[in-house]
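Given next are the chains, with one letter for each unit.
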Amino acid sequence: MKKFDKDRLLLAAAGPVLALVSALVLTMIVLAASGVDPIDPLRIMIEQAGYEDIQVLIINQAGIYFLAALAVAIGFRMNLFNIGVDGQYRLAAMVSAVVGASVSLPGPLHVLLIVLVAMATGAFWSGIAGVLKARRGVSEVVSTIMLNAIATSLIAWLILPKNLGVQPAGSNDLTTGDIPESGWFPALSLSGGDIYGFTFVAFVLGVVYWFVLNRTRFGFDLRASGASESAAQASGVEPKKMIMTAMLISGAVAGLTGMPLLLGESHTYNLSFPLGVGFTGITVALLGRNNPIGIFFSAFLIAFIDKASAGLDTEGYAKEIGTIMQGLIVIAVVVSYELVRRYGIRRQQQKVGEELAAGHALKTDNKEVAA
């Protein structure tokens, strides 16, 4: 049993390690082929990460990516591909910002209201895909992609001044109005800047995610349904109900993705609110293998690439090098995990064959001794 556990641990670590090494090598090859020094940009990025203000930016961004990846991972554990996290998170941030700017409550209640509205909005939007999947068999990949586009258009319409938006005097920007200070989440102030207080809530949710999936009956039912719907149904689990539940929870967590930024810095939703966070969350979840610890480190890695590469242009390099690295990581993750999976299957088959051969030899020896 110990040997099996050791092998399983090595295989689990081999995927992300192989992916990162492959992505790094491919990045250096691409840079060298483009006539760019393949080492110097990486050195600059590492130096950038040594500044306290960059470190604060990395931590804040990692918290946002961590939440987006958790939302994706919940779907993955149910064998659902929720590509709609980006639309769910942006729509939730916008609606919760409107509500937060429209009410006046004592601090904790104000923050709680904003958070609950965000979760409800995200769950509602992902629930549409859940209903289509459970009732009509519509692929969640197709429906969530379409819902992303619908969310983008809906936000653009809602934020118009004639609807729910506000246009500050002398500005072309559109916002939802400022949330009163009672609706701000306390931050941790450091010399390099403020770390969003909700970032720590995000990491706590990672612990909750692990506990629920690995130490509760609900988590077992969720994983069982994702592994085999027919087997889960035979054991008394309703697959359609689990699909709906998984999509609702995934959407609720996606709705929280914008809370670190909304409650910690911007205090309003505007046209400059980050796009593509949900898609980055897919990369983080894949690299972290849907494990909260893996997702934690993956979120910091992608956040490091994001923030450290922003200073490359001041040194004469294109900051898009960071985007290239992230893209190569996605490709490397898919390829390396498949290679590791196939090796694991072959290794398991080999071990079973060795055990059967050893058992046969032992049986033969016993017969010879008895004779």
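Preceding this section is the structure that the text describes.
Owing to the predicted nature of the structure, the values given are computational and were not obtained by experimental measurement.

Peer 1: Break down the overall build of the protein chain for me, with residues and values.
Peer 2: The number of helices and strands found in the protein chain is 14 helices and 2 strands. Counting only C-alpha atoms and orienting by the principal axes, one finds that the protein chain spans roughly 100 × 55 × 35 Å. Across the protein chain, every contact between residues at least 6 apart in sequence was considered, and the portion connecting residues at least 24 apart equals 75%. Of the roughly 18,800 Å² of accessible surface on the protein chain, 66% is carried by carbon and sulfur atoms. Taking the average place of the 26 positive charges on the side chains of the protein chain and the average place of its 26 negative ones, the gap between the two points comes to 15 Å.

Peer 1: I'd like a description of the pattern of salt bridges, backed by residues and values.
Peer 2: Evaluated as defined, the whole model comprises 7 salt bridges. Its salt-bridge partner being Arg 43, residue Asp 40 comes within 2.5 Å of it at the nearest N-O pair. Placement of the pair is Asp 40 and Arg 43 together in helix α2 (residues 40-48), with a separation of 3 residues, close to one helical turn. Note that Glu 338 is salt-bridged to Arg 341, the shortest N-O span being 2.7 Å.

Peer 1: Which residues make up the packing of helix α5 (residues 107-136) against helix α6 (residues 140-158), and what values do they have?
Peer 2: When two helices pack together, you describe them by how their axes are tilted relative to each other and by the distance separating the axes. Between α5 and α6, the shortest axis-to-axis distance is 10 Å and the interhelical angle comes to 150°. Judged on the interaxial angle alone, α6 and α5 are roughly antiparallel. Crossing hand, α5 versus α6: right-handed. The segment α5 lies against α6, with Trp 125, Ile 128, Ala 129, Leu 132 and Lys 133 engaging Glu 140, Ser 143, Thr 144, Leu 147, Ile 150, Ala 151 and Leu 154.

Peer 1: Account for the environment of Ser 126, with residues named and values stated.
Peer 2: By secondary structure assignment, the location of Ser 126 is in helix α5. Judged by its relative accessible area of 0%, Ser 126 falls in the buried class. Measuring from C-alpha to C-alpha, the distance between Ser 126 and Leu 147 comes to 8.4 Å, with 21 residues separating the pair along the chain. Other than its neighbours up to four places away in sequence, Ser 126 contacts Gln 88, Met 247, Leu 248 and Gly 251.

Peer 1: Talk me through unusual backbone geometry; I want residue IDs and the actual numbers.
Peer 2: Here Arg 289, not a glycine, exhibits a phi torsion of approximately 55°, which is positive. In this structure, Arg 289 sits in the loop between α12 (277-287) and α13 (292-308).

Peer 1: Describe in detail the packing of aromatic side chains, supporting the description with residues and values.
Peer 2: In this structure the tally under the stated criterion is 11 aromatic pairs. A ring pair is formed by Phe 66 and Phe 203, whose centres lie 5.3 Å apart and whose planes are at 80°; its orientation type is edge-to-face. Separated by 137 residues along the polypeptide, Phe 66 in helix α3 (residues 52-77) and Phe 203 in helix α7 (residues 197-215) bring together distant segments of the chain. Assigned by exposure class, Phe 66 and Phe 203 land together as buried. Taking 5.1 Å as the distance between ring centres and 70° as the angle between the ring planes, the aromatic pair formed by Phe 203 and Phe 296 counts as edge-to-face. Of this pair, Phe 203 sits in helix α7 while Phe 296 sits in helix α13, and the two are 93 residues apart along the sequence. Connected via pairs of aromatic rings, a cluster forms that spans Phe 66, Phe 203, Phe 296, Phe 297 and Phe 300. Just above the ring of Tyr 337 sits the side chain of Arg 289; from NZ or CZ to the centre is 4.7 Å.

Peer 1: Tell me about the nonpolar core, and name the residues and values.
Peer 2: Counting 89 residues, the largest nonpolar core has Met 259 and Tyr 269 as its most contacted members. With 15 residues, the top contributor of residues to this core is α3. When near neighbours in sequence (up to four residues on either side) are disregarded, Met 259 contacts Ala 93, Ser 96, Ile 114, Val 115, Ala 118, Phe 198 and Gly 264.

Peer 1: Go over α7, please, and point to the residues and values.
Peer 2: With 19 residues, α7 ought to run about 27 Å at 1.5 Å a step, and its terminal C-alpha atoms sit 28 Å apart, in line with that. Looking only at α7, the buried set comprises Gly 197, Phe 198, Thr 199, Ala 202, Phe 203, Gly 206, Tyr 209 and Leu 213.

Cut-offs used in this document
Residues numbered from 1 in each chain as written. Predicted model: local features only at pLDDT ≥ 70, side-chain atom pairs only at ≥ 80, totals over all residues. Heavy atoms only, no water. Helix = DSSP H or I, 4+ residues; strand = E, 2+ residues; numbered from the N terminus. Contact = heavy atoms within 4.5 Å. Areas by Shrake-Rupley, 256 points an atom, 1.4 Å probe, with all protein chains shown as cover. Lys, Arg positive; Asp, Glu negative; His and termini not counted. Charge placed at Lys NZ, Arg CZ, Asp CG, Glu CD. Salt bridge = Lys/Arg side-chain N within 4 Å of Asp/Glu carboxyl O. Axes fitted to C-alpha atoms, helices over the stretch in contact; angles between N-to-C directions. Parallel < 35°, antiparallel > 145°, perpendicular 65-115°, else oblique. Left-handed = near helix turned anticlockwise from the far one by under 90°. Buried < 20%, exposed > 50% of the residue type's maximum accessible area, 1.4 Å probe, protein only. Phe/Tyr/Trp six-rings, centres within 6.5 Å; stacked < 30°, edge-to-face > 60°. Lys NZ or Arg CZ within 6 Å of the ring centre and 35° of its normal. Core = buried A, V, L, I, M, F, W, Y, C linked by side-chain atoms within 4.5 Å. Expected span 1.5 Å × (residues − 1).

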